[in-house]
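Residue-level listing of the chains:
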Amino acid sequence: MKQLMRYQDVIAGLAWFAALIAINIGTSEPTQFILAYAVPVVITTWKRSLQWGFLFAALGAFSAVASGAITGNVDAGVGLAEEGLFSFAQLSAIAVGVVLGKRSHRKRVKLGIL
């Protein structure tokens, strides 16, 4: 049970993505709002590391593609893979921002500003 508690943020993130996939498949209008996919990325990156953030960014992009939230736009010449990679880039940028924010927060705490 202690082993499981160490990964509660990872389990919660995976459950969040599974819920988004279920909601997107169950409704006629999939969620295309990037922040819905960014919540697990932010939480996991803050609690763990940038590598975990990149992993969850990839999982978030994959869950968006798998659930139909990302469809591509053939008329504009944008394919499904390109739009999926763009979503991964957005979620990865969010993970990098979280790491930079965490670093700044730690410096302020160390200096006694907060």
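Note: the structure precedes this text.
Keep in mind that this is a model prediction, so the values were computed, not measured. (Residues numbered from 1 in each chain as written. Predicted model: local features only at pLDDT ≥ 70, side-chain atom pairs only at ≥ 80, totals over all residues. Heavy atoms only, no water.)

Caption draft 1: View of the overall build of the protein. What the protein contains, in helices and strands, is 5 helices and 0 strands. Counted from the first residue to the last, the protein has its helices and strands arranged as α-α-α-α-α. Summarising its shape, the C-alpha atoms of the protein cover approximately 55 × 35 × 20 Å along the three principal directions. Within the protein, the fraction of its 114 residues that count as buried is 27%. A sequence separation of at least 24 residues applies to 65% of the contacts in the protein between residues at least 6 apart. Accessible area for the protein stands at about 7,400 Å²; split by element, carbon and sulfur atoms hold 68% of it. (Helix = DSSP H or I, 4+ residues; strand = E, 2+ residues; numbered from the N terminus. Buried < 20%, exposed > 50% of the residue type's maximum accessible area, 1.4 Å probe, protein only. Contact = heavy atoms within 4.5 Å. Areas by Shrake-Rupley, 256 points an atom, 1.4 Å probe, with all protein chains shown as cover.)

Caption draft 2: Inspection of the packing of helix 2 (residues 8-26) against helix 3 (residues 34-47) at higher detail. At a minimum axis separation of 9 Å, helix 2 and helix 3 run at an interaxial angle of 175°. Considering their axes alone, helix 2 and helix 3 lie roughly antiparallel with respect to each other. Across from Q8, D9, G13, W16, F17, L20 and N24 in helix 2, the residues of helix 3 making contact are A36, Y37, V39, P40, I43, T44 and K47. Here the contact of helix 2 with helix 3 is built from residues that sort into 8 nonpolar, 4 polar and 2 charged. (Axes fitted to C-alpha atoms, helices over the stretch in contact; angles between N-to-C directions. Parallel < 35°, antiparallel > 145°, perpendicular 65-115°, else oblique. Nonpolar A, V, L, I, M, F, W, Y, C, P; charged D, E, K, R; others polar.)

Caption draft 3: Layout of the side chain of T45. As for its placement among the helices and strands, T45 is situated in helix 3. There is a polar contact of 2.6 Å between the side chain of T45 and the backbone oxygen of V41. If we ignore the near neighbours within four places in the chain, the residues touching T45 are L50, G53, A95, V98, V99 and K102. (Polar contact = N/O pair within 3.5 Å; in protein donor to acceptor, adjacent residues only side chain to side chain.)

Caption draft 4: Up close: the pattern of salt bridges. Taken as a whole, this structure holds 1 salt bridge when the rule is applied. With a closest N to O distance of 3.1 Å, D9 and R48 form a salt bridge. Placement of the pair is D9 in helix 2 and R48 in the loop between helix 3 and helix 4 (50-67), with a sequence separation of 39 residues. Note on D9: relative accessible area 8%, which makes it buried. R48 sits in the partly exposed class, given a relative accessible area of 26%. (Salt bridge = Lys/Arg side-chain N within 4 Å of Asp/Glu carboxyl O.)

Caption draft 5: Molecular detail of the layout of surface pockets. Roughly 200 Å³ of volume is contained in the largest pocket. Taken together, 13 residues line the largest pocket, and the ones lying closest to its centre are Q32, I34, I70, S87 and Q90. With 5 residues, helix 5 (residues 80-111) is the single largest residue contributor to the lining of the largest pocket. Split by residue class, the lining of the largest pocket holds 7 nonpolar, 5 polar and 1 charged. (1 Å grid on protein atoms, 1.4 Å probe; cavity = no way out; pocket = protein on both sides within 12 Å on 5 of 7 lines; lining within 4 Å. Points joined across faces, edges and corners; volume = space filled by probe spheres on them.)

Caption draft 6: Region of interest: the packing of aromatic side chains. Across all of its chains, the model carries 1 aromatic pair by this definition. Residue placement shows R48 over the ring face of W52; its charged tip is 5.2 Å from the ring centre. (Phe/Tyr/Trp six-rings, centres within 6.5 Å; stacked < 30°, edge-to-face > 60°. Lys NZ or Arg CZ within 6 Å of the ring centre and 35° of its normal.)

Caption draft 7: Layout of the nonpolar core. Formed by 14 residues in total, the largest nonpolar core has its most connected members in F17, L20, Y37, V41, F56, A64 and L91. At 4 residues, helix 3 tops the list of elements feeding residues into this core. (Core = buried A, V, L, I, M, F, W, Y, C linked by side-chain atoms within 4.5 Å.)

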